[in-house]
Each structure stands twice: as C-alpha cells, then as structure tokens.
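Coordinates in review
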Amino acid sequence: MDRSSAENCLLCAAERATAWHYEDDECWVADCLVCATPMVVWRTHGLPEAVDEVRLLSHLERVASERYGGEGFWIDGERRRIPDHWHAHARPAGGFFDPASELYGRYG
Ligand SMILES: [Zn+2]
Ligand SMILES: [Zn+2]
C-alpha cells in the first residue's frame, strides 16, 4: 500500500464516525477515533504553511478549551499514524487519551 497516497487516507475520507465540533472550507475538528480527544484536520492532503497552521490550530484550541478549560490541554502536533496529511490533537493536561477513550490511562 502506498502510504503517501491520498486515495487510502483516513483523513481524506473524513468519515463522521465520531462527534464533529467544527468545520469550514479548509478544516474540520472532530473527536479522534483512537484517542477520543479533539483533533483538527486540514481538508487538503499535505502540509500547510506555518502561517496557515496557526489559523487551523486556533479552531482546535477553541474546541479544546471548551472541553478541558483554557489551561487544561496541550497541542500535540506530532502525526504518528498519518504523517503526510496535516492534523493535530488537543490532549488533556498531563495525559494522552481522553477519559472517554478505552486507552485512557495507558500512556502519559
Ligand atoms: Zn489525506
Ligand atoms: Zn488520535
């Protein structure tokens, strides 16, 4: 399988398998299927300019502060499973998974 292709990309498919919190022309914010934390996903398969990244992250920060409180989360910009399609997680302070995830408490 060609991992650099958009064809089999889960993020390009954008299936609404979890709660969606926000969407616009360039991105969407939904709970991650694995982590159950809010995640922002760029609609384009690839990596945005730094200036665009700041704007995209602002949507994630707004959703995350509603759930975890203004100081209650951290932005995890590392793309572990899908490195070539830009996305970022907001994770609860001091943790990795949301308490709603069955993996909660496994790491961090
Ligand atoms: Zn993609
Ligand atoms: Zn995740």
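Refer to the preceding data block for the structure.
First, a word on what this report is: a plain description of the structure on this page. (Residues numbered from 1 in each chain as written. Chains lettered and ligands numbered in written order. Predicted model: local features only at pLDDT ≥ 70, side-chain atom pairs only at ≥ 80, totals over all residues. Heavy atoms only, no water.)

So, about the sheet that holds strand β4 (residues 73-76). By way of backbone hydrogen bonds, the strands of a sheet pair with one another, either parallel or antiparallel. Judged by pairing direction, the sheet is antiparallel, and its 5 strands sit side by side in the order β1-β2-β3-β5-β4 without closing on themselves. Every interior strand has two partners, whereas the edge strands, β1 (20-23) and β4, have only one. Sheet twist, expressed as the average angle between the axes of neighbouring strands with direction ignored, equals 15 degrees. One ladder, built from 4 bridges, connects β4 with strand β5 (residues 87-92); its direction is antiparallel. Its bridge partner being in β5, F73 is matched across the sheet by P92. Sheet strands touched by helix α2 (residues 50-68): β1, β2 (27-31), β3 (38-42), β4 and β5. Its angle to β3, the strand with the most contacts, is close to 165 degrees. (Pairing = 2+ DSSP bridges. Helix = DSSP H or I, 4+ residues; strand = E, 2+ residues; numbered from the N terminus. Axes fitted to C-alpha atoms, helices over the stretch in contact; angles between N-to-C directions. Contact = heavy atoms within 4.5 Å.)

Now for the pairing of β1. Relative to β2, β1 is paired through 3 bridges, and the arrangement is antiparallel. By the bridge assignment, E23 is partnered in β2 with W28.

Time to look at the coordination of the zinc ion (ligand 1). Around the zinc ion (ligand 1), the protein contributes the donor atoms C9 (SG), C12 (SG), H45 (ND1) and H85 (ND1), at 2.0 to 2.3 Å from the metal centre. Classification of the site at the zinc ion (ligand 1) rests on its 4 donor atoms, whose angles at the metal span 103 to 114 degrees, yielding the label tetrahedral. Sequence spacing among the residues donating to the zinc ion (ligand 1) works out to C-x2-C-x32-H-x39-H. Taken together, the residues C9 in the segment before α1 (10-13) and H45 in the loop between β3 and α2 connect sequence positions 36 residues apart. (Donors = N, O, S within 2.8 Å, 3.2 Å for Na, K, Ca; no water. Tetrahedral: all angles 85-135°; square planar, octahedral: opposite > 155°, others 65-115°.)

The next subject is the coordination of the zinc ion (ligand 2). Surrounding the zinc ion (ligand 2) are the protein donor atoms C32 (SG), C35 (SG) and H89 (NE2), which sit 2.1 to 2.2 Å from the metal. Between consecutive donor residues of the zinc ion (ligand 2), the sequence gaps follow C-x2-C-x53-H. Remark: H89 occurs in strand β5 and C35 occurs in the loop between β2 and β3; sequence separation between them is 54 residues. Note on accessibility: C35 and H89 belong to one class, buried. (Buried < 20%, exposed > 50% of the residue type's maximum accessible area, 1.4 Å probe, protein only.)

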